[in-house]
Amino acid sequence: MKITDLKCAVIGQHPVVRIVTDEGISGYGQIESSKPYLKPQVLFYRDFILGEDPTNVERVMLRIRRLGAFKPWGSAVSAIEMALWDIAGKAAGLPVYKLLGGKIRDRVRVYNGGVRFPMRGSSPADFAENMARMKEAPEGFTIIKQGIGYHGQMLASDPSYRYGENITGARYPNRGPLTERGLKYVIACIEAMKEVLGDEVGLALDCGPGWTVSDAIRLARAVEPFNILWLEDLLTGDYTPYVQADLYREVTRSTTTPIHTGEEIYLRQNFTDLIEKRAVSVIGPDPADVGGIAELKWIAEYADLHGILMAPHGVLDGLIGLAALVQVSATLPQNFIAFEYPVARPEWWYDIIEGLPDPIVRNGFIEVWDRPGLGVEFNVSAAKAHLADEDSDFFD
Ligand SMILES: [Mg+2]
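Residues numbered from 1 in each chain as written. Predicted model: local features only at pLDDT ≥ 70, side-chain atom pairs only at ≥ 80, totals over all residues.

1. Some words on the overall build of the protein
Inclusion rule: The helix count covers DSSP runs of H or I at least four residues long, the strand count covers runs of E at least two residues long, and both are numbered beginning at the N terminus. By the criterion used throughout, residues are in contact when their C-beta atoms, derived from the backbone, lie within 7 Å.
Along the backbone of the protein there are 14 helices and 14 strands. For the protein, the spread of C-alpha atoms along the three principal axes comes to 65 × 40 × 40 Å. Put simply, of all contacts in the protein between residues at least 6 apart along the chain, 73% involve residues at least 24 apart.

Right, dumping it as structure tokens:
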């Protein structure tokens with residue numbers, strides 16, 4: 001089998017990768033909805049992989065893997081990797097999880113990072129009320145993640161919460177020390193959310209990046225009585241193009257609260273410092289940023305050897321990304337906690353992808369399916385209605 005074309009269309013806000021072969025099998029991969037600008041980068045790799053046998057996934061990846069970087073520049077390579085596995089599975093007549101070594105669980109736990117309801121305000125009572133709505137969501141999530149601190153606008157709601165100035169605008173990396181009032185406010189919101197959840201639903205917190213090491217330690221120690229599942233991206237993360245494992249190690253060594261990072265990191269090599277130094281307790285690579293699903297599995301196995309837990313990121317990965325997350329998570333070792341459930345945006349994505357269970361999430365879990373490849377397909381006639389003119393030949 002040979003690759004005859006690599007195509008990319010922006011569907012909704014998601015760049016979608018299609019690898020075409022000479023045997024009539026196509027493979028699909030998907031890039032986060034926050035990155036519609038990456039189509040030219042996907043097409044950059046076309047000439048590197050034409051003529052290769054897509055079922056030799058690793059041999060193809062060796063041609064392009066070094067030509068990527070931390071988020072967002074690992075996304076195109078990652079989506080191509082997913083599409084290669086999709087083809088390899090379809091060619092073998094097997095679900096991708098079989099090619100990754102087989103599943104060790106029949107259903108995978110997901111956590112809620114994307115089913116959201118509007119916040120009325122930013123007081124502890126508002127956080128509690130919002131958490132109550134998420135707890136009642138029909139998916140029956142057993143873990144909910146909420147953004148606090150530098151993640152979102154929480155600290156910008158009152159200038160007395162920080163010593164620094166809040167700069168607004170796209171992705172401005174505000175960071176620095178909190179005032180005592182700011183720290184107490186964050187802790188009060190966490191306490192209010194825990195009162196709603198009790199010990200029935202786990203609470204994870206996406207915190208930054210932007211905290212100072214000493215504030216991070218203060219926060220982590222203050223919330224120790226609440227048995228938080230993890231504090232995510234306190235220091236670096238999101239779009240930070242470096243790791244700073246030694247700083248994370250200092251926080252992790254100072255508290256019993258699990259510390260988490262990793263969604264922006266590209267490739268296994270950039271996880272070795274975090275893992276070998278045991279600088280965090282939980283890592284959360286995103287298969288659509290880290291270099292793909294086999295890359296994610298390797299990292300999970302290496303983390304497991306070092307007593308580190310795994311909770312993959314994925315909220316913006318779309319429905320093909322969801323399929324990839326289900327396939328790989330079925331194969332991860334027992335350090336797997338849950339992956340972040342991607343919600344389709346816009347909602348018409350549910351009408352153009354076939355093969356997902358209905359409902360997708362039951363009691364906080366997704367059943368692992370057995371169809372070949374990633375196990376989802378486009379409803380081509382429905383999907384064509386959403387193609388831009390310049391992408392009109394995407395399915396041809
Ligand atoms: Mg995050």
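2. Considerations on the sheet that holds strand β13 (residues 365-367)
Stated formally: Should DSSP find at least two bridges between two strands, the strands are taken to pair.
Spatially, the three strands line up as an open sheet ordered β11-β4-β13, and their pairing is mixed. Here the strands that pair on one side only, and so sit at the sheet edges, are β11 (339-340) and β13. Taken together, the three bridges between strand β4 (residues 107-111) and β13 define a ladder with antiparallel strand orientation. Its bridge partner lying in β13, V108 is registered against I366.

3. Examining the packing of helix α6 (residues 124-135) against helix α7 (residues 180-197)
To keep things clear, this is the line we draw: Between the N-to-C directions of two axes lies an angle of 0 to 180 degrees, each axis being a line fitted to C-alpha atoms and, for a helix, fitted only over the stretch in contact. Handedness of a crossing follows from how the near helix is turned relative to the far one, being left-handed for an anticlockwise turn of less than a right angle and right-handed for a clockwise one. Any residue outside Ala, Val, Leu, Ile, Met, Phe, Trp, Tyr, Cys, Pro, Asp, Glu, Lys and Arg is labelled polar, Gly included; the first ten of those are nonpolar and the last four are charged.
The geometry of α6 relative to α7 is characterised by a closest axis approach of 8 Å and an angle of 35 degrees between their N-to-C directions. Where α6 crosses over α7, the two elements pack in a sense that is right-handed. Contacts from P124, A125, F127, A128, M131, A132 and K135 of α6 reach α7 at A188, C189, A192, M193, E195, V196 and L197. Taken together, the residues that form the contact of α6 with α7 break down as twelve nonpolar, no polar and two charged.

4. Re the sheet that holds strand β7 (residues 230-232)
In spatial order, the strands read β5-β6-β7-β8-β9-β10; together these six strands make up an open sheet with parallel pairing. Edge strands, defined here as strands with exactly one partner in the open sheet, are β5 (143-147) and β10 (309-310). One ladder, built from three bridges, connects strand β6 (residues 202-206) with β7; its direction is parallel. Looking at β7, one finds that D206 is bridged to E232.

5. Side note on helix α11 (residues 293-305)
Quick note on the threshold: Here, expected helix span is obtained from the residue count minus one, scaled by 1.5 Å. Buried means a residue has 20 or more other C-beta atoms within 10 Å of its own C-beta, exposed means 12 or fewer, and partly exposed covers the counts in between; C-beta atoms are placed from the backbone.
Here α11 is 13 residues long and its end C-alpha atoms lie 19 Å apart, about the 18 Å a rise of 1.5 Å per residue gives. When we look at burial in α11, the residues that qualify are I293, A294, E295, L296, K297, I299, A300 and A303. Tucked inside the fold, the buried residues of α11 contact α3 (57-64), α4 (75-92), α10 (272-276), β9 (282-283), β10 and α12 (318-329). Downstream of α11 by one or two residues, G307 has phi in the positive range, about 75 degrees.

6. Section: the domain arrangement of the protein
Basically, it comes down to this: Boundary definitions for the domains trace back to an automatic or database domain assignment.
Structurally, the protein comprises domain 1 (3-93 + 379-391) and domain 2 (98-372). If you average the C-alpha positions of domain 1 and of domain 2, the two centres end up 26 Å apart. Tallying the contact residues gives 32 residues for domain 1 and 28 residues for domain 2. The set of elements that each furnish at least two residues to the side of domain 1 that touches domain 2 consists of β3 (26-30), α4 and α14 (380-384). For the side of domain 1 that touches domain 2, the leading source of residues is α4, giving eleven residues. The class makeup of the residues in the side of domain 1 that touches domain 2 is 13 nonpolar, 14 polar and five charged.

7. Side note on the packing of α3 against α4
Operational definition: Oblique is the label for every angle not falling under 35 degrees (roughly parallel), over 145 degrees (roughly antiparallel), or within 65 to 115 degrees (roughly perpendicular).
Contact geometry for α3 and α4: axes closest at 10 Å, N-to-C directions at 160 degrees. With respect to α4, the axis of α3 lies roughly antiparallel. At the point where α3 passes α4, the crossing takes the right-handed sense. Contacts from V57, V60, M61 and I64 in α3 reach V77, I80, E81, L84, W85 and A88 in α4. A class-by-class count of the residues in the contact of α3 with α4 yields nine nonpolar, no polar and one charged.

8. Quick notes on the environment of L67
Relative to the helices and strands, L67 resides in the loop between α3 and α4. For L67, a count of 14 C-beta atoms within 10 Å translates into the label partly exposed. Expressed as a C-alpha distance, the spacing of L67 and E250, which sit 183 residues apart in the sequence, is 32 Å.

9. Remarks on the environment of E354
Examined against the element boundaries, E354 turns out to sit in strand β12 (residues 353-354). Overall, the presence of 15 C-beta atoms within 10 Å leaves E354 in the partly exposed class. For E354 and V380, which are 26 residues apart along the polypeptide, the C-alpha to C-alpha distance reads 9.9 Å.

10. Observations concerning unusual backbone geometry
Working note: non-glycine residues mostly have negative phi, and peptide bonds are mostly trans. The omega torsion across G208 and P209 is 10 degrees, close enough to zero to call that bond cis. When you line up the elements, P209 lands in the loop between β6 and α8 (213-222). Of the consecutive residues R345 and P346, the connecting peptide bond is found in the cis state with omega at -10 degrees. With respect to the helices, strands and loops of the structure, P346 is situated in the loop between β11 and α13 (349-352). The backbone of Q244 shows a phi angle near 60 degrees, a positive value even though the residue is not glycine. With respect to the helices and strands, the residue Q244 is situated in the loop between β7 and α9 (245-253). Under the C-beta neighbour-count criterion, Q244 is labelled partly exposed, with 17 such atoms within 10 Å. Residue L267 is not a glycine yet carries a positive backbone phi of 75 degrees. Note that L267 resides in the loop between β8 (259-261) and α10.

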